[in-house]
Amino acid sequence: MKSAVETLNPTRVRLTVEVPFEELKDSLDAAYKKINQQVTVKGFRKGKIPARVIDQRFGRGAVLEEAVNDALPKFYTDAVNKAELDPLGQPEVDITELKDGETLNFTAEVDVRPTIEIPDYSGIEVEVDAVEVTDEDVEKAVEQLRERFASTTPVERAAEDGDVVTIDLEAKVDGEVLEDGIANGVSYTIGSGELLDGIDDAVKGLEAGGEATFTSELKGGSAAGREAEVTVKVTQVAARELPELDDDFAQLASEFDTLEELRADSRKRLENMKQFDQATQAQERVLDKLLELVEVPVPEKLLEDEINTRKHNLEHHQLGQMGLTLDKYLEIQGKTAEEFDTETREAAVKGIKTQFVLDELVNKEKLGVNQEELTEHLMRRAASSGMSPDQFAQAVVQQNQVPMLVGEVARGKALAVVVEAATVKDTNGEIVDLDDEDEDETAETAETAEAPAENKGEGEEKAEA
C-alpha cells in the first residue's frame, strides 16, 4: 500500500491511497464467505458455493463491493498511522479507481487536530474579586438560618406580608381550565416571590375563605409562558414567628453553644464560599488570557457539529424538561434568534479551542492521570448527576466514556499548571495564593468552558477521538 498526505488547510487533510489488488485477498475471501452464508443456490449446500458460481449468479461486482467495504477501514487506519495524523470525526472517502485484479485507489478527506504552539504563559496576570465578608453578610446568613426555624400559628385576620397562607389555585387560558392548572393546599409565604407574579397583591388582605382573580404569565406546565386568568382561594392564614436570636437559638440550630460561636462559624463559611468563587474566577480569567495568547484554527465541520449538538441539547433536553420552546426561551431571555446563534457559535468555538489548547498542554507538560485522581473525579461527577458512584461508573463503562473522564482530569491538571504560573491579584492589589485549590475544581472550570455542564456535545467527543 502507498499513501500520501495533502494538507488542505490547518485542520483538514486529504489522504491518497493506492492498494495493490493482492492486498485485498483476505477481504475478498471474507466477502465470498459472507455471501455464501446469505444465499442459496440449487445443487450446492449452503456455505459450499464455489466462488465462480457466486460470480456468475450474483456478479463479481457485488463481491468486490463487499470486499472493499470490509478493507477500507483497515487501509484508511494504516494510512493515518503512517502519516502520524490525529483525525477528528469520520473521513469522507471517495473510491477513485477500482480495477479487478489490479488496484484499488481512494482518497479520504478528514479533519485533523491542528498543530498548536503553546507560548510562555508565565507572564499571565489577572485580577479577581477580593474575599471580604462584612458584618452585614454574617447577619444576613444568621437571619436566613433563623427563617428556617420559624414556626407558624393560624390566625383569624387578613393576610399580611410575611404570613404563610394555604391556598387553592385554578388557572384558565382562553376561558378554559388547564388540565394541569389546578393545585390545592399549596403553602405560600407572602413576599417570597416563589409562585406567580401578582399573587402577593391578590392574597394580601384576604382572610380564610376569601378568593381573588388575577392575570399572570405561567412559569411552567403545558401553557408555560402564556397569560392565564388565575383564581386563588385562601383556606388558612398563619403568622410566622421567628425564634429569639440568643444562645438557645444557637444550640437549636447548630452544634454551637453560643450565638457568637454561630456567627463566627457563619463568617468562616462565607469566607470559604467567597474563596471558592474567587478561585473559580481566577481559573476562568487565566483560561481566557491563555486562549488570547494561542492561535487555534477550528475545524469547520467539528464546529458545526458542536453548534448543532448544543442547540439540540438545549431545545430537546433542558427546555423540554421545563415545557419551553426555543422561541419562548429567547423571548424570556430578551434575545433574538441571531443573537442566540452568535452566542452559541462563540461558546462552541471557545469550547473547542479550550480542549485543543489544554490537550496540547497535557502533552507538553507530560501530565498523567492516576487511578486515585480518576476515582475522585468520578465521585464528583456522580454527585453532580444525582447518581450513586456505582451507577455512574457503570454508565461510564457501558458508554465507553472512561477516556472522556480521563481527558477531563488531565485538562484540569493542565489548567492548574497555568494558573499556578500566573500572577493573580485581588481588587485590593493583594497577591492571591491558589496553591491549595483542588485540581478537580479546576477540571470543572475547564469542562464549563468546553461545553454545557448538563450535557457534553458530540463535537467534544469527536475532538477526543
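- As recorded by an unreviewed UniProt entry, the protein carries the name Trigger factor and is attributed to Streptomyces kebangsaanensis.
- Under the Subcellular location (unreviewed entry) heading, UniProt states for the protein: "Cytoplasm".

Side note on the side chain of Ser216
Then, in step 1: For Ser216, the location among the structural elements is in strand S9 (residues 211–217).
Then, in step 2: Under the relative-accessibility criterion, Ser216 is labelled buried at 2%.
Then, in step 3: At a separation of 2.9 Å, a polar atom in the side chain of Ser216 contacts the main-chain carbonyl oxygen of Asp197.
Then, in step 4: Residues within four places of Ser216 in sequence aside, it is in contact with Leu196, Asp197, Arg226, Glu227 and Ala228.

Digging into the packing of helix H1 (residues 25–38) against helix H2 (residues 51–58)
Then, in step 1: Their axes nearest at 11 Å, the elements H1 and H2 cross at an angle of 70°. Between H1 and H2, the angle is such that the two are roughly perpendicular. Note on packing geometry: the crossing formed by H1 with H2 is left-handed. On H2, the residues that touch Tyr32, Ile35 and Asn36 of H1 are Ala51, Ile54 and Asp55.
Then, in step 2: Along the lines of polarity and charge, the residues of the contact of H1 with H2 split into four nonpolar, one polar and one charged.

Comments concerning the UniProt feature "domain: PPIase FKBP-type" (unreviewed entry) in the protein
Then, in step 1: This chain's UniProt record puts "domain: PPIase FKBP-type" (unreviewed entry) on residues 162–215.
Then, in step 2: Here residues 162–215 runs as 9% helix and 54% strand, with 22 Å between its end C-alpha atoms.

Quick look at the pattern of salt bridges
Then, in step 1: Evaluation of the coordinates by the stated rule reveals 34 salt bridges.
Then, in step 2: As a salt-bridge pair, Asp265 and Arg269 come within 2.7 Å of each other at their nearest N and O atoms. Of the two residues, Asp265 and Arg269 are both situated in helix H7 (residues 259–293); the distance of four residues between them amounts to about one turn of the helix.
Then, in step 3: The salt bridge partner of Lys328 is Glu331, with a shortest N-O separation of 3.0 Å. In this pair, Lys328 and Glu331 both sit in helix H9 (residues 326–333), three residues apart, roughly one turn of the helix.
Then, in step 4: One salt-bridge network, held together by shared partners, links Glu6, Arg12, Arg14, Glu92, Glu109 and Asp111.

What about the side chain of Asp111?
Then, in step 1: Secondary-structure assignment places Asp111 in strand S4 (residues 103–112).
Then, in step 2: In this structure the side chain of Asp111 is engaged in a polar contact, spanning 3.0 Å, whose partner is the side chain of Arg12.
Then, in step 3: The residues touching Asp111, leaving out its near neighbours within four places in the chain, are Thr11, Arg12, Asp86, Pro87, Leu88, Pro299, Lys301 and Leu302.

So, a nonpolar patch on the surface
Then, in step 1: Residues Val93, Ile95 and Leu98 make up a contiguous nonpolar surface patch of about 210 Å² in total accessible area.
Then, in step 2: Here Ile95 is to be found in strand S3 (residues 87–99).

Some remarks on helix H4 (residues 135–148)
Then, in step 1: The first and last C-alpha atoms of H4 sit 20 Å apart over 14 residues, in line with the 20 Å expected at 1.5 Å per residue.
Then, in step 2: Looking at H4, one finds that the buried residues are Val138, Val142, Leu145 and Arg146. For H4, the arc enclosing every buried residue in end-on projection is 105°, short of the 170-degree limit, so these residues lie on one face. For H4, exposure combined with an orientation more than 90 degrees from the buried face picks out Glu136, Lys140 and Arg148.
Then, in step 3: For H4, the elements touching its buried residues are helix H6 (247–253) and H7.

Observations concerning the nonpolar core
Then, in step 1: Core analysis: the largest hydrophobic core is formed by 35 residues, its most contacted members being Ile124, Leu290 and Leu361.
Then, in step 2: Where this core is concerned, the elements lending two or more residues are strand S5 (125–128), H7, helix H8 (300–322), helix H10 (337–364) and helix H13 (402–421).
Then, in step 3: It is H10 that contributes the most residues to this core, seven residues altogether.
Then, in step 4: Setting aside its immediate chain neighbours within four residues, Leu290 contacts Tyr121, Ile124, Val357, Leu358, Leu361 and Val418.

Looking at helix H3 (residues 60–83)
Then, in step 1: Taking 1.5 Å of rise per residue, the 24 residues of H3 would be expected to cover 34 Å, and the 33 Å separating its terminal C-alpha atoms lies within 8% of that figure.
Then, in step 2: The largest bend in H3 amounts to roughly 35° and is located at Ala71, with the proline Pro73 lying one to four residues further along.
Then, in step 3: Backbone geometry just after H3 places Glu84 at a positive phi near 55°.

Considering the packing of aromatic side chains
Then, in step 1: What the rule picks out here adds up to one aromatic pair.
Then, in step 2: Considering the side-chain rings of Phe149 and Phe249, the 6.2 Å spacing of their centres and the 90° angle between planes classify their relative orientation as edge-to-face. Of this pair, Phe149 sits in the loop between H4 and strand S6 (151–154) while Phe249 sits in helix H6, placing them 100 residues apart in sequence.

Some details on the sheet that holds S3
Then, in step 1: Pairing is antiparallel across the open sheet formed by four strands, whose spatial order is S1-S2-S4-S3. Only two strands of the sheet have a single partner each, and these edge strands are strand S1 (2–9) and S3. With strand direction ignored, the average angle separating the axes of adjacent strands in the sheet is 20°.
Then, in step 2: Here S3 pairs with S4 via nine bridges, running antiparallel. The residue bridging Glu92 from the neighbouring strand is Glu109, located in S4.

What counts and how
- Residues numbered from 1 in each chain as written.
- Predicted model: local features only at pLDDT ≥ 70, side-chain atom pairs only at ≥ 80, totals over all residues.
- Heavy atoms only, no water.
- UniProt positions renumbered as here; feature names shortened; annotations may be inferred.
- Helix = DSSP H or I, 4+ residues; strand = E, 2+ residues; numbered from the N terminus.
- Buried < 20%, exposed > 50% of the residue type's maximum accessible area, 1.4 Å probe, protein only.
- Polar contact = N/O pair within 3.5 Å; in protein donor to acceptor, adjacent residues only side chain to side chain.
- Contact = heavy atoms within 4.5 Å.
- Axes fitted to C-alpha atoms, helices over the stretch in contact; angles between N-to-C directions.
- Parallel < 35°, antiparallel > 145°, perpendicular 65-115°, else oblique.
- Left-handed = near helix turned anticlockwise from the far one by under 90°.
- Nonpolar A, V, L, I, M, F, W, Y, C, P; charged D, E, K, R; others polar.
- Salt bridge = Lys/Arg side-chain N within 4 Å of Asp/Glu carboxyl O.
- Patch = residues over 30% accessible without salt bridge, like charges linked within 9 Å, V, L, I, M, F, W, Y side chains within 5 Å.
- Areas by Shrake-Rupley, 256 points an atom, 1.4 Å probe, with all protein chains shown as cover.
- Expected span 1.5 Å × (residues − 1).
- Arc of directions from axis to C-beta.
- Core = buried A, V, L, I, M, F, W, Y, C linked by side-chain atoms within 4.5 Å.
- Bend = angle between axes of the 7 residues up to and from the residue.
- Phe/Tyr/Trp six-rings, centres within 6.5 Å; stacked < 30°, edge-to-face > 60°.
- Pairing = 2+ DSSP bridges.

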